[in-house]
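What follows is each chain in one-letter form.
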Amino acid sequence: MVEIIAEDDGLPYSDVGAWAEDKYALVGLYDRLFSTGMKNKWPTRVYIDLYSGPGFVRVRSTGRMMVSSPLLALGVPNPFDKFIFCESQPALLEALRARVNRLSPKADASFVLGDCNEKVEEICAQIPSPSTGGGVLTFCFVDPYDISIRFSTVKRLSAYHIDFLCLLALHQDANRNIKRYLSPRSSKVEKFLGLPGWRQSWRAAENQRISFPRFLAEEYSREMEKLEYLPVSWDRMRQVRSDERNLPLYRLALFSRHQRAYQFWDEVLHYSSDQRTFEF
Ligand SMILES: C[S@@+](CC[C@H](N)C(=O)[O-])C[C@H]1O[C@@H](n2cnc3c(N)ncnc32)[C@H](O)[C@@H]1O
C-alpha cells in the first residue's frame, strides 16, 4: 500500500472549496471498499478518472492540502491493476504524472490529455482485454465542474464491465443556468442526457412541480437503466452542499449493474452524515 500525504511539492495543485473534503471522503472510502471487495472476484481491476485534476488540492479557506481523486485511488490497500487518467489541462496532467511516478513508480498508469468526451476511444483502448479465465472490472469516477459529461461518453464506456460514480452538477450548474439551457440554442442538456426530446419531458415534469435538478437526476437514472444499470432513486444520490451558504451543489450517484456495488455505496452513506466530513 502506498501511503500518500498531501504536501506542497512545488507542482501545480487546484484550489477547492471546503465542501470538497466531503467528496474526497466519500470517493476515497468507495475506492477502498470496491478494490478490496472485488479483488477475489475480478482478477483485473481498473480505475478510470475522466476529470482527474493534478492529484493534490488546497482548500481555499484553510490552506489545507489534500489528496484528490486520482491519488486516493492510487493509495488503496488492495491496489487497482491499471489506472487511466484523463485531464484537459496539460499542466495539471503533467503534475499528476509526476506525482504518480514519484509515489508509485511501478503503477500501470495511462495519461490521456484532452476532453474526455473527445478522447473516449483513446480511453477505451487503454482498458485491458480480459485474459482467458479472468474478467476485467472497471470503476470510473466522473467529476466535472458542470454537466459537460456527454451521455454518449458514458454509453461508450458502458460496453465494458464498468461501474460509475458520477458527480451530477444538478444545482451548481444545471439549476443556476436553467434559463440558458432551456433556450433552443443550447444543446448542453441534450448531450448530458442523450435525449433530444428532453424539453417536452421537462414541461410535463414542471407541471407536476418537479424541480429541475430532480427531473434531470431521474431522467439520468432512466437512461442508465436502458444500458442495464440498476435504477437509482433521487434519495440514494448523495447531496453535497456548499460550506459557504449551505446551498446544494451537486449529487453523487453510483451506477452499477450489480447489487453488490450498492451495498458498498450504502456503507459509504452509512459512515457519512448529510454534510459532515468523516474520518476513515
Ligand atoms: C472538479 S475538477 C475534479 C478534479 C479531481 N477529480 C478531484 O478530485 O479534485 C475537474 C477537473 O477536470 C478538468 N476538466 C474540465 N473539463 C474536462 C474535460 N472535458 N475532460 C477532461 N478533463 C476536464 C479540469 O481541468 C479539472 O482539473
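We now turn to the structure provided with this report.

### A few points about the overall build of the protein chain
A count of helices and strands for the protein chain gives 11 helices and 10 strands. At 18 Å, the protein chain has a C-alpha radius of gyration in line with the 19 Å of a compact globule built from 280 residues. Structurally, the protein chain occupies a C-alpha span of about 55 × 50 × 35 Å along its principal axes. Every one of the 280 residues in the protein chain was classed for burial, and the buried ones make up 54%. Long-range contacts, defined here as pairs at least 24 residues apart, represent 75% of the contacts in the protein chain between residues at least 6 apart. Entry remark: accessible area of the protein chain is about 13100 Å², with carbon and sulfur atoms responsible for 47%. Side chains of the protein chain carry 37 positive and 35 negative charges; the gap between the two charge centres is 4 Å.

### Some words on the sheet that holds strand β4 (residues 65-67)
Pairing in this open sheet of three strands is mixed, and the strands run β1-β3-β4 from one edge to the other. The open sheet is flanked by β1 (14-16) and β4, the only strands paired with a single partner. In this sheet, neighbouring strand axes are inclined to one another by 40 degrees on average, regardless of whether the strands run parallel or antiparallel. Across three bridges, the pairing between strand β3 (residues 56-59) and β4 is antiparallel. Following the sheet pairing, V57 is matched in β4 by M66. Sitting on the sheet, helix α1 (residues 20-37) is in contact with β1, β3 and β4, with an inclination near 25 degrees to β4.

### Overview of the packing of aromatic side chains
For the structure on display, the rule yields 22 aromatic pairs. Arranged with centres 5.9 Å apart and planes meeting at 55 degrees, the rings of F164 and Y229 form a pair that is tilted. In this pair, F164 sits in strand β8 (residues 162-168) while Y229 sits in the loop between α10 (212-226) and β9 (238-241), placing the two residues 65 residues apart along the sequence. For the pair F164 and Y229, a shared accessibility class is recorded, and that class is buried. Consider the rings of W198 and F212, whose centres lie 6.2 Å apart with planes at 45 degrees: the pair is tilted. Linking W198 in helix α9 (residues 198-207) with F212 in helix α10, this pair joins segments that are 14 residues apart in sequence. The exposure class assigned to W198 is buried, which follows from its relative accessible area of 1%. The class for F212 is buried, based on a relative accessible area of 2%. Among the aromatic residues, ring-to-ring pairing joins Y30, F34, Y47, F80, F83, F85, F111, F139, F264 and W265 into one connected group. Against the face of W234 rests R251, its NZ or CZ located 3.7 Å from the ring centre.

### Notes on the site of the ligand
Taken together, 17 residues are adjacent to the ligand, and Y24, Y51, S69, E87 and D143 come closest. A distance of 2.6 Å is found between an oxygen atom of the ligand and a side-chain nitrogen or oxygen belonging to E87. Relative to its unbound accessible area of 590 Å², the ligand is 88% covered by the protein chains. Comparing atom positions with the cavity grids shows the ligand to sit within the largest pocket. Here the shell around the ligand is composed, by residue class, of six nonpolar, seven polar and four charged.

### A closer look at the environment of Q263
Checked against the element boundaries, Q263 lands in helix α11 (residues 259-271). A relative accessible area of 40% means that Q263 is categorised as partly exposed. In this structure, the C-alpha to C-alpha distance between Q263 and L33, residues 230 residues apart in sequence, is 9.7 Å.

The rules behind the values
- The numbering scheme is per chain: residues are counted from 1 as the chain's sequence reads.
- Whole-chain, interface and lining totals are the exception, using all residues; otherwise, since this is a predicted model, local features are given only for residues with pLDDT of at least 70 and side-chain atom pairs are given and counted only at 80 or more.
- Derived side-chain values reflect all non-hydrogen atoms in the structure, with water molecules and hydrogen atoms excluded from consideration.
- Only DSSP runs of H or I covering at least 4 residues are called helices, and only runs of E covering at least 2 are called strands; the numbering of each starts at the N terminus.
- The globule rule used here is 2.2 Å times the number of residues to the 0.38 power, and the radius of gyration it is set against is calculated over C-alpha atoms.
- A 1.4 Å probe rolled over the protein chains alone gives each residue an accessible area, and that area as a share of the maximum for its type sets the label: buried under 20%, exposed over 50%, partly exposed in between.
- Whether two residues are in contact is decided by their heavy atoms: any pair within 4.5 Å suffices.
- Each accessible area is a Shrake-Rupley estimate made with a 1.4 Å probe; only the visible protein chains count as cover when residues are assessed.
- Under the convention used here, Asp and Glu are negative, Lys and Arg are positive, and both His and the chain ends fall outside the count.
- In plain terms, the charge of a residue is placed at NZ if it is Lys, CZ if Arg, CG if Asp and CD if Glu.
- Here, a strand pair is defined by DSSP locating no fewer than two bridges between the strands.
- For helices, the fitted line uses only the C-alpha atoms of the stretch in contact; every axis is such a line through C-alpha atoms, and the angle between N-to-C directions lies from 0 to 180 degrees.
- Between the rings of Phe, Tyr and Trp (Trp by its six-membered ring), a pair exists once the centres lie within 6.5 Å; its type follows the angle of the planes, with under 30 degrees stacked, over 60 edge-to-face, and the other angles tilted.
- As a reminder, the over-ring test applies to NZ of lysine and CZ of arginine, requiring each to be within 6 Å of the ring centre and within 35 degrees of the ring normal.
- We call a residue near a molecule or strand when any one of its heavy atoms sits within 4 Å of it.
- N or O atoms within 3.5 Å of each other form a polar contact, as long as, within protein, one can give a hydrogen and the other can take it, and as long as residues adjacent in sequence are counted only when both atoms are side-chain atoms.
- Using a grid of 1 Å spacing that covers the protein atoms alone, one calls a set of points a cavity when a 1.4 Å probe fits there but cannot get out, and a pocket when the set is open and has protein on both sides within 12 Å along at least five of seven lines; lining residues are those with an atom within 4 Å of a point.
- More than half of a molecule's atoms within 2 Å of the grid points is what it takes for that molecule to sit in a cavity or pocket.
- Classes in brief: Ala, Val, Leu, Ile, Met, Phe, Trp, Tyr, Cys and Pro nonpolar; Asp, Glu, Lys and Arg charged; the others, Gly included, polar.

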